Amino acid sequence: YLIVARSDVDSRLAKRVRRGLEKATAAAAEVVIVEIDTFGGRLDAAVEIRDALLNTDLRTIAFVNKRAISAGALITLAAHDIVMTPGATIGAATPVRFTSEGPKPLGEKTISYFRKEMKATAESQKHPTALAEAMVDPDVVIPGVIEKGKLLTLTTQEALALKLAAAQSDDLEQLLQTYGLELITKDRSAQRWDVGSWLKQFHTWQVWLILGLVLAAAEIFVSGFFLLWFSVGALLASLLASLRAPPAVQIGTFLVSSFLLLVFSRTVLRSVLFRSQANIATNIEALKGRNGMVIKTIE
């Protein structure tokens, strides 16, 4: 049974993995393959997935199809076997928090906890524990592998040489052949398009820019210059986001500027642009009082 984990590690992925394990058990599967390609995500969601994999009675294989970084490394270590594609990577698992200045490592308390979480997970599945700890704590030294002050990230060939990975497979079909397995069913929920996951691949300023362009394009289909001003507000927010302004400032600028421009267009701008046209009759109003000649029989 295949579970696809090609997204950020979050509560949705945790639910998907739990649901996949339940379906695999119901389908009388013997092995569960978790295909992993992630840069990481939430620590609590990663621990939830780790616990689910450790608690299942099914044999598990983590198939690292390109990368298992940060929280993805913990999920990988929770499987019985680790198989990696050529050119894949695993490691760099120090917990961080994201700030306006970029990601920053969390405190010693969290790092100490996650280091032992990684070690305990590796221990339970008989993976090299020192490698797991070195992925989290830069103070861990492994002679010939990693020096002090550096975080451990392994390539496929390094993971094979250090006995972390059990095998290398070019793709899923080769993995199935290597282990003599037949795919009975597949978790396809991971392949559904998700707007939230799609937006996460962009920077904040890019999201604002996309919103501004969409609103500007939508103005073509509505009347009255309404959406145009919200488009301008989104572009102003995009500029602030590129300057690393706080999210509250970005949202406030978007709302305030859009509202003020909308009011301005309905009062000052309209009175200036359309002042000379205020009393000009158009369409059917312009025909009142005029004589016309009927040139076609009306039944």
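Heads up: these notes are all about the structure in this document. (Residues numbered from 1 in each chain as written. Predicted model: local features only at pLDDT ≥ 70, side-chain atom pairs only at ≥ 80, totals over all residues. Heavy atoms only, no water.)

**Some remarks on the pattern of salt bridges**
Rule in force here: Salt bridge criterion: a side-chain nitrogen from Lys or Arg within 4 Å of a carboxyl oxygen from Asp or Glu. Segments assigned H or I by DSSP are reported as helices when at least four residues long, segments assigned E as strands when at least two residues long, and all are numbered from the N terminus. Buried, partly exposed and exposed residues are distinguished by accessible area as a fraction of the type maximum, computed with a 1.4 Å probe on protein chains only: under 20%, between the cut-offs, and over 50%, respectively.
Enumeration according to the criterion identifies 12 salt bridges in this entry. Note that Glu-117 and Arg-50 form a salt bridge whose closest N and O atoms lie 3.3 Å from each other. Of the two residues, Glu-117 sits in helix α4 (residues 108-124) while Arg-50 sits in helix α2 (residues 43-55), which places them 67 residues apart along the sequence. Here Glu-133 ties to Lys-116 by a salt bridge, and the two come within 3.4 Å at their closest N and O atoms. One end of the pair, Glu-133, is in helix α5 (residues 129-134); the other, Lys-116, is in helix α4, and 17 residues separate them in sequence. Since its relative accessible area comes to 43%, Lys-116 is described here as partly exposed. Here the salt bridges share partners, and the residues they tie into one network are Arg-115, Lys-116, Glu-133 and Asp-137.

**Some remarks on the packing of α2 against α4**
Going by this rule: Note on geometry: axes are C-alpha line fits, over the in-contact stretch for helices, and angles between N-to-C directions span 0 to 180 degrees. The cut-offs work like this: below 35 degrees is roughly parallel, past 145 is roughly antiparallel, 65 to 115 is roughly perpendicular, and the gaps in between are oblique. The handedness criterion is simple: a crossing whose near helix is rotated anticlockwise from the far helix by less than a right angle is left-handed, and one whose near helix is rotated clockwise is right-handed. The criterion used for residue contact is that any of the two residues' heavy atoms lie within 4.5 Å. When residue character is reported, Ala, Val, Leu, Ile, Met, Phe, Trp, Tyr, Cys and Pro are called nonpolar, Asp, Glu, Lys and Arg charged, and the others, Gly included, polar.
It is the contact of α2 with α4, at a shortest axis distance of 12 Å, that shows an interaxial angle of 20°. Between α2 and α4, the angle falls in the class roughly parallel. Relative to α4, α2 is oriented so that their crossing is left-handed. Along its contact with α2, which presents Leu-43, Val-47, Arg-50 and Leu-54, the element α4 presents Thr-110, Tyr-113, Phe-114, Glu-117, Ala-120, Thr-121 and Ser-124. Of the residues contributing to the contact of α2 with α4, the split by class is 6 nonpolar, 3 polar and 2 charged.

**Structural notes on unusual backbone geometry**
A positive phi angle is found at Ala-28, which is not glycine, with a value near 60°. Its location among the elements puts Ala-28 in the loop between α1 (11-26) and β2 (31-38). Despite not being glycine, Ala-92 shows a phi value in the positive range, around 50°. Residue placement: Ala-92 occurs in the loop between β5 (89-91) and β6 (96-99). Residue Ala-92 is classed as partly exposed on the basis of its relative accessible area, which comes to 27%.

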